[in-house]
Every structure is written in C-alpha cells, then in structure tokens.
Amino acid sequence: MILNKCYFISYFGKYRNDRRYMLERAVKWAKGKEFEVTIIAQEWEEEDYKCFPECEIIKIPHRIPPGHARNIALNMFYAGDDDWCLILDDDTWIEVGHDIIDTIRDMDNCGNVYCLTVLDTVFKPEENSEYHILHVPNAIQSGVFLVRNGLGQFFNPGFKYYPRRKPKSIELEDSLLYGEDVNFLARCLYAGKEARVVLNA
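Everything numeric here is computed off the predicted structure, so don't read it as measured data.

About the thresholds
- Within every chain, residues take consecutive numbers counted from 1 along the sequence as written.
- The predicted nature of this model means local features are confined to residues of pLDDT at least 70 and side-chain atom pairs, given and counted, to a pLDDT of 80 or more, with totals for whole chains, interfaces and linings taken over all residues.
- Excluded from the side-chain calculations are hydrogens and water; all other atoms, namely the structure's heavy atoms, are used.
- Helix and strand assignments come from DSSP, with helices taken as H or I runs of at least 4 residues and strands as E runs of at least 2, each series counted from the N terminus.
- Residue burial is assigned from relative accessible area. The probe radius is 1.4 Å, only protein chains are included, and a residue is buried under 20% of its type maximum, exposed over 50%, and partly exposed in between.
- Two residues form a contact once any of their heavy atoms are found within 4.5 Å.
- Using a 1.4 Å probe, accessible areas were evaluated by the Shrake-Rupley method; residue-level cover was limited to the displayed protein chains.
- Distance and chemistry together define a polar contact, namely a pair of N or O atoms within 3.5 Å, with one atom able to donate a hydrogen and the other to accept it when in protein, and with adjacent residues in sequence counting only for side-chain atoms on both sides.
- Throughout, nonpolar core names a set of buried Ala, Val, Leu, Ile, Met, Phe, Trp, Tyr and Cys residues whose side chains join them through atoms within 4.5 Å.
- The pairing criterion for strands is at least two bridges between them, as found by DSSP.
- Note on aromatic pairs: the rings of Phe, Tyr and Trp (six-membered ring only in Trp) are paired at centre separations within 6.5 Å, and the planes decide the class, stacked below 30 degrees, edge-to-face beyond 60, tilted for the rest.
- Here, a charge over a ring is recorded when the distance from Lys NZ or Arg CZ to the ring centre is within 6 Å and its angle to the ring normal is within 35 degrees.

*Asks:* I'd like a rundown of the overall build of the protein chain, residues and numbers included.
*Replies:* Of the regular secondary structure elements, the protein chain holds five helices and 11 strands. Relative to its full complement of 201 residues, the protein chain shows a buried share of 45%. Summarising the internal contacts of the protein chain: among those between residues at least 6 apart in sequence, 74% fall at separations of at least 24. Here the protein chain has roughly 11000 Å² of accessible surface; of this, 47% comes from carbon and sulfur atoms.

*Asks:* An account of the side chain of Asp-48 is needed here, citing residue identities and associated values.
*Replies:* Relative to the elements of secondary structure, Asp-48 occurs in helix α2 (residues 46–50). Asp-48 gets classed as buried once you look at its relative accessible area, which sits at 0%. Reaching out from Asp-48, the side chain makes a polar contact with the backbone nitrogen of Glu-45 at a distance of 2.8 Å. Beyond its immediate stretch of four places on either side in the chain, Asp-48 contacts Phe-12, Arg-16 and Arg-20.

*Asks:* Lay out unusual backbone geometry in plain terms, naming residues and giving numbers.
*Replies:* A positive phi angle is found at Glu-34, which is not glycine, with a value near 65 degrees. In this fold, Glu-34 is placed in the loop between α1 (16–32) and β2 (36–42). The backbone phi angle of Glu-43 is positive, close to 55 degrees, even though this residue is not glycine. On the secondary structure map, Glu-43 appears in the loop between β2 and α2. Under the relative-accessibility criterion, Glu-43 is labelled partly exposed at 32%.

*Asks:* Account for the nonpolar core, with residues named and values stated.
*Replies:* Counting residues in each nonpolar core, the largest one holds 32 residues, and the members touching the most others are Phe-8, Phe-35, Ile-39, Trp-44, Leu-86, Ile-101 and Leu-146. Elements with a minimum of two residues in this core: β1 (3–11), α1, β2, β4 (84–89), α4 (100–106), β5 (113–116) and β8 (144–148). When residues of this core are assigned to their parent elements, the largest contribution, five residues, is made by α1. In this structure, Ile-40, Val-113, Phe-145 and Leu-151 belong to the second largest nonpolar core, which totals 23 residues.

*Asks:* For the pairing of β8, give the residues involved together with the corresponding values.
*Replies:* Regular strands place side chains that alternate from one sheet face to the opposite one. Most of β8 is tucked away: five of the five residues are buried. The side-chain alternation of β8 yields two buried faces, one formed by Val-144, Leu-146 and Arg-148 and the other by Phe-145 and Val-147. Note: β4 against β8, four bridges, orientation antiparallel. Paired with Leu-86 across the two strands is Leu-146, which belongs to β8. Relative to β8, β5 runs antiparallel, the two being bridged by four bridges. Counted as the bridge partner of Val-113 is Val-147 from β8.

*Asks:* Which residues make up the packing of aromatic side chains, and what values go with them?
*Replies:* Within the structure shown, the criterion is met by 10 aromatic pairs. With centroids separated by 5.4 Å and ring planes inclined at 90 degrees, the aromatic side chains of Tyr-78 and Phe-154 adopt a geometry described as edge-to-face. In this pair, Tyr-78 is assigned in helix α3 (residues 66–78) and Phe-154 in the loop between β8 and β9 (160–161), connecting sequence segments 76 residues apart. A centroid spacing of 5.5 Å and a plane angle of 80 degrees characterise the contact between Phe-145 and Phe-155, whose relative ring orientation is edge-to-face. Here Phe-145, found in strand β8, pairs with Phe-155, found in the loop between β8 and β9; they are 10 residues apart in sequence, far enough to count as distant. Under the relative-accessibility criterion, Phe-145 is labelled buried at 1%. Residue class for Phe-155 comes out buried when judged on its relative accessible area of 2%. Members of the aromatic cluster, each reached through a chain of ring pairs, are Phe-12, Trp-44, Tyr-49 and Phe-52. Its guanidinium or amino end placed over the ring of Tyr-49, Lys-59 lies 4.5 Å from that ring's centre, counting from NZ or CZ.

Right under this line is the structure:
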C-alpha cells in the first residue's frame, strides 16, 4: 500500500509560537516516517513560512472552518494515486504506536478509514494486529485520520454539537462547537464503509 501523503491542518491563532513549535515537532516526526508533507496554512505570517521550507504549503489568507480545511486535503489526496493519506492537526503527531504507519504500508487490504486515538479506557477489541488494537466503533470517535483513496467521503464543515458540560471559558453564543472530526467516522459507517478506531496509537 502506498502511504506517502501527510496533511497538517494549521491555524496558530493567539498561540502562534506554541503551535508553530508543535508543528515543527510534528513535521519532524512525519519526515522521519518518510511522508511528503503538505500544510493547509490559515492566516500564517511570513516568518511562519520560512520555518517549513521542505513542505508544500497551501496558503489561505483567512481562517476557514476545520472541515473545509480537511476537505481541501481530501480533494488533493483523492485526485492522486496514493492508496492512503494521513490527516492531522498542527499540534498532533503519533508518538505511541506510530508503527501503525508501517502496518498499513505492509497490508494488502485494510479497510477504508482509521481513526487514531489514545487508549484511555478499556474496550473489548474485535480484532487484533501484532502491535495495535483495532476496535470496531460503537460510538462516534474523533482523532487523527488515515483515509483510503476511493473512500469518497468528506467532512461536514457545518456539523456542530453541544458540549455536555459547557466550560466556563465558552460564552453562551459560542456553546455550539465544531465537531466535524467527531462526525466523520459516523458518516463513513452510515455509508457502509469499513472503519476502525486504532486505540493505542
């Protein structure tokens, strides 16, 4: 399986220095796994671009909903010949269990989409690989996404959800939060696609 494309969705906001540092670490990890890195860069400043000369950068001068940014990445990926791609936020990389990348590269047939998340609860796995727990989700999950070409599914940029307990920092008018990443696996499952949650990556 060809898994060479890695897309980072980036918006630094008021945490520019911290988020840029995290993205530098994430890109270093991706390069170590021999990925070709593309960054969907929203509202970056000129000094930000200079930090990533080895990456392809899609410049977006304004902030867009996260689902739109992820769909830009998916459109680029679906138009190519690679079998799989990896989509992450700019503060995210796979530290524990990152050999899931090698596992998928070595497999001939491995479903349609994987959502990677930290194992913070006990599940009863329905299938196991040598290194990972592959869980058939019975609830909506969110995380880092490995997507297979031909999946044909996109994120819903307008999907929002109410938090169960509203944090004090969220004002009343902002109590609806974007949740297109939470919704993506459900959309794939409803479409009859094979989806798995990788719990210890």
